[in-house]
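# Overview (structure and organization)
Given next are the chains, with one letter for each unit.
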Amino acid sequence: MITLVRRAAVLGTLGATLAACGTATEAPRAPRPAPTASSAVPSRPAPPGPPTLAPGPAGLTPVFEHGPRAREKTVALTFDADMTADQGPRAAAGERFDNPRLIATLRRLKVPATVFMTGRWAEQYPDQARFIGRDPLFEVANHSYSHYAYTDDCHGLPTVPKERMRSDVERAYAAFEKAGVRDAMPYFRFPGGCHDRAALEELATTGVTAVQWDVVSGDAFATDADAVARQVLDGVRPGSVVVMHCTRSAAPVTEEVVRTVVPELRRRGYRFVKVSELIGASDDRR
Ligand SMILES: [Zn+2]
């Protein structure tokens, strides 16, 4: 723990950022615009959009943490592609916020997964963003543009002012589109997982479902892949959402962890699904 804390301190803001993602609970895409009268085909209704949860009390943004426990042994691996708005110079200096090997391993093992991407990450790695976004194995969801926190006092992250929360979410969708990602999902993961009533109120009109998790992998700054794998295997229950990272510089053992946990969870009878499938199976869906 001391080691982890010291490493996080040395690594600075990204440290706080990723530790935040992996230790707290973390969680949108703009709603699909309804077809206009001129574009709708009268005899054939538009296909339904991705499943979302019904709004929470008082119309607040709904928050999803895990799928049904009793129906089937399903589990969703989620990967936060973190990059903070002010980390461009570090990327220019050679720091890698991406993890192409992890994505290749998920493809090789045929593991469906949900990638919560920051808009800044999509700007930095547009080819990878498009590659992930166009592979039906994956779905791209929103992890904000800036990776700034939506509450005060969130693991040392800078804070998005309330009046810029919606535009921070929308700017991420714009960055995905610019990179060539089609149909990003209406799911939002709060940076650091930090949210409060004001943030849920502020995002209510965007139509997103906030997605947290119930299993913390602990992959942020971990150097012991076995320990992370154990934590995942000990934590997973039917319907679980596991949070991991797709950011090589700060989550360097994640690909190795995936190679361990995927075959073991399959041996235990689990089927890997995307978050959309868990939300679609939820009793609280819209
Ligand atoms: Zn994050």
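In the block above lies the structure referred to throughout.
On a predicted model such as this, the values are computed, not experimentally measured, just so you know.

This part is about unusual backbone geometry. You will see that His-155, though not glycine, has its phi angle at about 55°, which is positive. Note on placement: His-155 falls in the loop between strand E4 (138-142) and helix H7 (165-179). Since 20 C-beta atoms lie within 10 Å of it, His-155 is described here as buried.

Taken across its five residues, strand E3 (residues 113-117) has five buried, putting it largely inside the fold. Here E3 shows two buried faces, one formed by Ala-113, Val-115 and Met-117 and the other by Thr-114 and Phe-116. Sheet topology note: the strand E2 (residues 74-81)/E3 ladder contains four bridges and is parallel. Bridge pairing in E3 links Phe-79 to Val-115. Note that E3 and E4 share five bridges and pair parallel.

Among the residues making up helix H9 (residues 225-235), those that are buried are Val-228, Ala-229, Gln-231 and Val-232. All buried residues of H9 fall inside an arc of 160° around its axis, so they share one side. Projecting away from the buried face of H9 at angles above 90 degrees are the exposed residues Asp-226 and Asp-234.

Turning to the packing of H9 against helix H10 (residues 254-267), a few remarks are in order. For the pair H9 and H10, interaxial distance at closest approach is 9 Å and the crossing angle is 35°. The interaxial crossing formed by H9 with H10 has right-handed handedness. Across the interface between the two elements, Ala-225, Val-228, Ala-229, Val-232 and Leu-233 of H9 pack against Glu-256, Val-257, Thr-260, Val-261 and Glu-264 of H10. For the contact of H9 with H10, the residue count by class is seven nonpolar, one polar and two charged.

The rules behind the values
- Residues numbered from 1 in each chain as written.
- Predicted model: local features only at pLDDT ≥ 70, side-chain atom pairs only at ≥ 80, totals over all residues.
- Helix = DSSP H or I, 4+ residues; strand = E, 2+ residues; numbered from the N terminus.
- Buried ≥ 20, exposed ≤ 12 C-beta atoms within 10 Å, placed from the backbone.
- Pairing = 2+ DSSP bridges.
- Arc of directions from axis to C-beta.
- Axes fitted to C-alpha atoms, helices over the stretch in contact; angles between N-to-C directions.
- Left-handed = near helix turned anticlockwise from the far one by under 90°.
- Contact = placed C-beta atoms within 7 Å.
- Nonpolar A, V, L, I, M, F, W, Y, C, P; charged D, E, K, R; others polar.

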